[in-house]
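# Breakdown of the fold
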Amino acid sequence: MTFPTWMMAGFWGLVSGSALLLGAALGYFARVPQRLIAAIMAFGSGVLISTLSLELMEEAYKKGGFNSTATGFVGGAAVYTLANWLLARYGAKHRKRSGNQQKQELASQEQATGTDEADNGMALAIGALLDGIPESIVIGLSMLAGGAVSMVAVVAIFLSNLPEGLSSAAGMKKAGRSASYVLLLWTGIAVISGISSLLGYTLFSGFPDEVISATMAVSAGAVLAMIADTMIPEAFAEAHNFTGLITVLGFLVSFFLSKMD
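Calculation criteria
- Residues numbered from 1 in each chain as written.
- Predicted model: local features only at pLDDT ≥ 70, side-chain atom pairs only at ≥ 80, totals over all residues.
- Heavy atoms only, no water.
- Helix = DSSP H or I, 4+ residues; strand = E, 2+ residues; numbered from the N terminus.
- Buried < 20%, exposed > 50% of the residue type's maximum accessible area, 1.4 Å probe, protein only.
- Contact = heavy atoms within 4.5 Å.
- 1 Å grid on protein atoms, 1.4 Å probe; cavity = no way out; pocket = protein on both sides within 12 Å on 5 of 7 lines; lining within 4 Å.
- Points joined across faces, edges and corners; volume = space filled by probe spheres on them.
- Phe/Tyr/Trp six-rings, centres within 6.5 Å; stacked < 30°, edge-to-face > 60°.
- Lys NZ or Arg CZ within 6 Å of the ring centre and 35° of its normal.
- Expected span 1.5 Å × (residues − 1).
- Axes fitted to C-alpha atoms, helices over the stretch in contact; angles between N-to-C directions.
- Parallel < 35°, antiparallel > 145°, perpendicular 65-115°, else oblique.
- Left-handed = near helix turned anticlockwise from the far one by under 90°.
- Nonpolar A, V, L, I, M, F, W, Y, C, P; charged D, E, K, R; others polar.
- UniProt positions renumbered as here; feature names shortened; annotations may be inferred.

So, on to the overall build of the chain. Looking only at helices and strands, the chain has eight helices and zero strands in total. Listing every helix and strand of the chain by position from the N terminus yields α-α-α-α-α-α-α-α. Looking at the chain as a whole, 48% of its 261 residues qualify as buried. When contacts within the chain are restricted to residue pairs at least 6 apart in sequence, those whose partners lie at least 24 apart make up 86%.

Laid out in structure tokens, this is it:
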């Protein structure tokens with residue numbers, strides 16, 4: 001039985017997004033050491049950086065040339081950075097931290113407002129969407145060339161989503177979030193990841209290569225900015241001097257997968 005390509009785009013986006021829920025469940029219910037979480041985060045960062053370099057940017061350049069690729073890349077990073085800055089002001093600055101940073105951030109909000117009912121839940125949810133959607137769109141865009149998904153992109157995003165969900169959920173638990181809140185949040189993000197991948201394929205299938213190129217570069221820029229702003233800081237805070245080596249190993253694994261594709 002052959003499924004429509006748009007359906008497969010949604011399916012693979014859901015598969016990669018499911019790693020967020022799996023990681024969140026592990027982070028909330030299992031006693032995972034913070035240094036191990038940080039190491040996994042560093043590894044996921046390396047995987048994503050490799051995928052951006054060898055898959056996204058290269059394909060964007062082939063489709064649209066340097067101008068559209070560069071414009072999209074910088075634009076995606078700028079939009080992500082602005083949105084991330086705004087979310088930080090509403091309590092989502094440490095959404096990927098596995099320690100007590102989320103709890104301290106919530107306490108600071110309560111002190112600033114003079115109440116004990118400050119809630120940054122909406123900011124955390126929007127921040128999770130901000131981090132996850134660009135990655136998912138990439139999967140849908142990868143299917144535009146030949147109708148087949150880039151398994152390298154799927155595996156890379158899955159491997160990077162696992163520590164994101166794990167680290168964030170561990171921090172949410174320490175901030176007092178309930179299990180139902182955490183699991184429902186990441187279930188929603190996983191579903192939206194599938195929808196984003198589907199839209200990445202269906203919305204752009206009729207556009208010229210220059211537009212597809214710019215869109216791929218926008219996603220790449222946003223993801224790279226996300227790595228630098230949220231993933232690497234969490235990794236370095238706990239893994240310290242081993243962060244670089246672990247990140248390189250993640251890059252190498254993704255590089256190997258790209259050559260096996």
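Let us now look at empty space enclosed by the protein. What the rule picks out here adds up to two cavities of 30 Å³ or more. Lining the second largest cavity we find L48, T51, L52, L56, E135, V138, I157 and V223. At four residues, helix 2 (residues 34-89) tops the list of elements feeding residues into the lining of the second largest cavity.

This part is about the packing of aromatic side chains. For the structure shown, the criterion picks out three aromatic pairs. Their ring planes at 70 degrees and their centres at 5.0 Å tell us that F11 and W12 sit as a pair that is edge-to-face. On the accessibility criterion, F11 (43% relative accessible area) is partly exposed. Ring centres 5.5 Å apart and planes at 45 degrees place the aromatic pair F204 and F207 in the tilted group. Overall, F204 belongs to the buried group, its relative accessible area being 18%. Sitting over the face of the ring of Y181, R177 holds its NZ or CZ atom 4.9 Å from the ring centroid.

Moving on: helix 1 (residues 5-29). In this model helix 1 runs 36 Å from its N-terminal to its C-terminal C-alpha over 25 residues, within 8% of the 36 Å that 1.5 Å per residue would give. For helix 1, the set of buried residues is A9, G10, W12, G13, S16, G17, A19, L20, G23, A24, G27 and Y28.

Relative orientation of the contacting elements helix 2 and helix 8 (residues 243-260) amounts to 45 degrees, with a least axis distance of 7 Å. Relative to helix 8, the element helix 2 lies oblique. Crossing of helix 2 over helix 8 shows right-handed handedness. Facing helix 2, whose interface residues are A39, A42, F43, S45, G46, V47, I49, S50, T51, S53, L54 and E55, helix 8 presents T243, I246, T247, L249, G250, F251, V253, S254, F255 and S258. Looking at the contact of helix 2 with helix 8, its residues break down into eleven nonpolar, ten polar and one charged.

The next subject is the UniProt feature "transmembrane region" (unreviewed entry) in the chain. Feature annotation in UniProt places "transmembrane region" (unreviewed entry) on residues 6-29, 36-54, 66-87, 137-159, 179-204, 211-233 and 239-257, given in this structure's numbering. Across residues 6-29 one finds 100% helix and 0% strand; the C-alpha atoms that close the span lie 35 Å apart.

Mapped onto the elements of the fold, A77 is located in helix 2. Overall, A77 belongs to the partly exposed group, its relative accessible area being 23%. Between the C-alpha atom of A77 and that of A217, which follows or precedes it by 140 residues, the distance is 9.4 Å. With residues near it in sequence (within four places) discarded, A77 still touches G221, A222 and A225.

Here the focus is the packing of helix 1 against helix 5 (residues 151-174). Between helix 1 and helix 5, the shortest axis-to-axis distance is 6 Å and the interhelical angle comes to 30 degrees. By the angle between their axes, helix 1 is roughly parallel relative to helix 5. Handedness of the helix 1/helix 5 crossing: right-handed.

With that out of the way, let us pick up the side chain of T243. Among the secondary structure elements, T243 is positioned in helix 8. Judged by its relative accessible area of 6%, T243 is buried. Once you skip the residues sitting within four places of it in the chain, T243 turns out to touch A42, A235 and F236.

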